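In case you want the letters, here they are:
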There are 2 protein chains.
Amino acid sequence: MIQPRPRTIPEATVARLAVYLRVLSSLADGGRGTVSSGELAAAAGVNPAGLRKDLSHLGPCGVRGVGYEVGTLRDRIAGVLGVERSRACVLVGIGNLGSALADYAGFGSRGFEFVGLFDVAVARIGQRIGGHTVHPLDELEQVVGAAGATIGVITTPADVAQSVCDRMAAAGVRSILNFAPVTLTAPAGVDVRKVDLSVELQVLAFLGQQRLVGEPA
Amino acid sequence: MIQPRPRTIPEATVARLAVYLRVLSSLADGGRGTVSSGELAAAAGVNPAGLRKDLSHLGPCGVRGVGYEVGTLRDRIAGVLGVERSRACVLVGIGNLGSALADYAGFGSRGFEFVGLFDVAVARIGQRIGGHTVHPLDELEQVVGAAGATIGVITTPADVAQSVCDRMAAAGVRSILNFAPVTLTAPAGVDVRKVDLSVELQVLAFLGQQRLVGEPA
DNA sequence: GCGACTTTGTTCCTGCGTTCACAAGCGGTT
DNA sequence: AACCGCTTGTGAACGCAGGAACAAAGTCGC
């Protein structure tokens with residue numbers, strides 16, 4: 001019995017595969033049959049050689065002299081990323097950002113299903129966002145257990161993010177995406193990924209000012 | 001005349017400096033006088049040696065045997081990142097995500113000032129968010145020119161993001177932060193930074209499932 | 001005043017990601 | 001059937017980030 005995926009796929013490659021998947025879906029909708037690595041790389045904003053190397057992690061999936069078959073490659077990447085399987089997610093903190101995520105249709109088509117939206121503000125509870133209802137935070141553990149949710153998203157203010165993280169981990173969540181501007185600590189076996197919007201903006205601004213100093217042209 | 005910043009600072013270091021700045025601000029508010037690299041690294045979630053290497057890009061700014069003086073280091077990092085100077089930003093696309101960004105108080109304290117919020121929906125125009133008023137998109141070029149905005153944020157749907165990007169670049173914006181799920185192309189001299197929320201979630205989910213396969217324990 | 005401890009700043013090294021360049025393979029054409 | 005052009009897949013080199021270990025330096029205690 002050979003194992004179909006012998007080695008681990010680098011994290012940077014996984015991130016790009018998700019981008020390729022989006023481009024391929026768009027091409028497939030446009031009725032495109034095949035694409036070359038050069039064209040696909042241009043659409044994704046990466047180097048053609050790097051794209052081929054990324055795809056090589058999935059095994060040979062192109063035809064030399066022709067290119068990649070759009071539909072086949074899309075399904076291949078979707079299978080590797082696990083898009084077809086539905087993943088139960090919970091989201092805590094229904095502010096503007098949390099509402100944006102809950103309402104974003106792109107998650108549903110990628111295999112993510114929000115099985116619970118939570119907040120502490122009574123004004124928020126009962127609101128319907130993206131087809132789901134906001135529940136009081138007290139019900140977090142019950143919903144996580146009942147739905148078998150393994151993914152949690154935190155969009156709360158910074159001061160309560162750690163306590164939410166602890167509760168999620170204790171309830172059985174294994175992967176946490178944190179938008180709160182704090183560094184969370186989680187027990188072993190639970191990995192946390194942080195997205196800091198203000199850091200992104202600050203890096204962008206710094207690179208811009210650094211470019212001005214380096215190249216006064 | 002020696003140049004105060006002889007070399008360029010790596011991008012990864014810049015991102016971490018922003019995190020250190022936040023931690024240091026929090027420590028300063030708590031009345032803390034000095035910190036060691038180990039403690040600061042733990043709070044930021046990085047390796048102590050890496051933190052010292054990051055800080056070495058600013059020149060010597062600690063005292064051996066003691067640690068770093070909290071207030072001094074905070075001001076030093078703030079100066080390098082250019083926090084004290086106010087940067088004019090424009091934001092196009094006042095949906096949930098755009099509202100979240102416009103309303104986020106963390107930007108103002110980091111030197112970013114939104115001088116214009118724009119949308120095409122007449123229902124949005126005139127709304128006040130985070131102390132600013134939403135304007136029709138037609139006024140984008142005028143506001144960018146008048147305020148000298150060099151930073152633009154795109155939180156529009158994917159299909160109009162490229163046209164907004166083009167208009168921003170033509171109007172004088174030099175740095176663009178793109179939240180729309182498309183790869184934008186901009187003229188030389190304008191750099192685009194992309195944040196894709198669904199990609200982040202997909203990477204997280206994949207790492208979780210890969211971990212289960214690799215370590216069945 | 002001197003020694004020892006603590007902590008920074010630096011240097012080396014290992015591993016990873018990215019890029020370039022080439023061989024292998026397939027389709028179309030004559 | 002053989003040749004030619006095109007594209008994939010892979011191997012090698014380069015550059016960079018991350019981690020560990022060590023020397024320099026300053027402070028505290030005696």
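Residues numbered from 1 in each chain as written. Chains lettered and ligands numbered in written order. Predicted model: local features only at pLDDT ≥ 70, side-chain atom pairs only at ≥ 80, totals over all residues. Heavy atoms only, no water.

### Observations concerning the pairing of strand 3 (residues 87-92) of chain B
Residue and element names in this part refer to chain B. Here is the rule we go by: Type-normalised accessible area, obtained with a 1.4 Å probe on protein chains alone, sets the label of each residue: buried when under 20%, exposed when over 50%, and partly exposed for intermediate values. Numbering of helices and strands runs from the N terminus, with a helix taken as a DSSP run of H or I at least four residues long and a strand as a DSSP run of E at least two residues long. At least two DSSP bridges between two strands are needed for those strands to be called paired.
Within strand 3, six of the six residues are buried, leaving the element largely enclosed by the surrounding structure. Neither face of strand 3 is exposed, since R87, C89 and L91 on one face and A88, V90 and V92 on the opposite face are all buried. Bridge count between strand 3 and strand 4 (residues 112-119): six bridges; the pairing is parallel. Pairing of A88 across the sheet is with E113, part of strand 4. Pairing of strand 3 with strand 7 (residues 151-154), which is carried by four bridges, proceeds in the parallel orientation. Looking at strand 7, one finds that V92 is bridged to I154.

### Thoughts on the protein's contact with DNA strand C
Defined as follows: Throughout, the term near means that a residue has one or more heavy atoms lying within 4 Å of the molecule or strand in question. We define a polar contact as two N or O atoms separated by no more than 3.5 Å, with the added condition that, inside protein, one atom must be a possible hydrogen donor and the other a possible acceptor, whereas residues neighbouring each other in sequence contribute only through side-chain atom pairs.
If you check the shell around DNA strand C, you find 23 residues, and the closest are A:R16, A:R64, B:S37, B:R64 and B:Y68. A distance of 3.1 Å separates a phosphate oxygen of DNA strand C from a polar atom in the backbone of B:C61. Within the contact set of DNA strand C, a base oxygen lies 2.8 Å away from a side-chain nitrogen or oxygen of B:R64. Mapped onto the surface near DNA strand C, the elements with two or more residues apiece are helix 3 (48-56) of chain A together with helix 3 (48-56) of chain B.

### So, the interface of chain A and chain B
Note the threshold: Any two residues whose heavy atoms approach within 4.5 Å are treated as being in contact. Here the quantity called buried area is the total loss of accessible area, with a 1.4 Å probe, experienced by two parts when brought into contact, counted for both. Note on definitions: salt bridges are taken to be side-chain nitrogens of Lys or Arg within 4 Å of carboxyl oxygens of Asp or Glu. Amino acids are sorted into nonpolar (Ala, Val, Leu, Ile, Met, Phe, Trp, Tyr, Cys and Pro), charged (Asp, Glu, Lys and Arg) and polar (every other residue, Gly among them).
Counting residues at the interface gives 59 residues for chain A, matched by 59 residues for chain B. Taken together, both faces of the contact between chain A and chain B bury some 5,300 Å²; the carbon and sulfur share is 64%. On inspection of chain A and its partner chain B, the count reaches four salt bridges. Taking the shortest distance from any N to any O, the salt bridge between A:R193 and B:E200 comes out at 2.7 Å. Of all elements in the fold, only helix 1 (11-29), helix 2 (37-44), helix 4 (70-81), helix 5 (96-103), strand 7 (151-154), strand 8 (175-178), strand 9 (191-194) and helix 9 (197-214) of chain A reach the threshold of two or more residues within the side of chain A that touches chain B. Of the residues in the side of chain A that touches chain B, the class split is 33 nonpolar, 13 polar and 13 charged.

### A closer look at the confidence of the model for chain A
This is how the line gets drawn: What pLDDT conveys is the predictor's confidence in a given residue, as a value from 0 to 100.
Residues of chain A with pLDDT of at least 70 account for 94%, and the chain-wide mean is 93. Taken together, the stretch residues 1-5 of chain A has pLDDT below 50 and engages in one contact with residues farther than four places along the chain or on a different chain.

### Digging into the protein's contact with DNA strand D
The local shell around DNA strand D holds 22 residues, among which A:S37, A:Y68, B:R16, B:K53 and B:R64 are the closest. Sugar plus phosphate: this is where 68% of the atoms of DNA strand D within 4 Å of the protein reside. For DNA strand D, a phosphate oxygen lies 2.9 Å from a polar atom in the backbone of A:G62. A distance of 2.6 Å separates a phosphate oxygen of DNA strand D from a polar atom in the side chain of A:Y68. Mapped onto the surface near DNA strand D, the elements with two or more residues apiece are helix 3 of chain A together with helix 3 of chain B. Partitioning the surface near DNA strand D into residue classes produces eight nonpolar, seven polar and seven charged.

### Overview of the sheet that holds strand 8 (residues 175-178) of chain B
The pairing of strands in a sheet comes from backbone hydrogen bonds and takes either a parallel or an antiparallel form. Here we have seven strands laid out as an open sheet, ordered 5-6-4-3-7-8-9 (chain B), and mixed in their pairing. Two strands bound the open sheet, and with one partner strand each, they are strand 5 (128-129) and strand 9 (191-194) of chain B.

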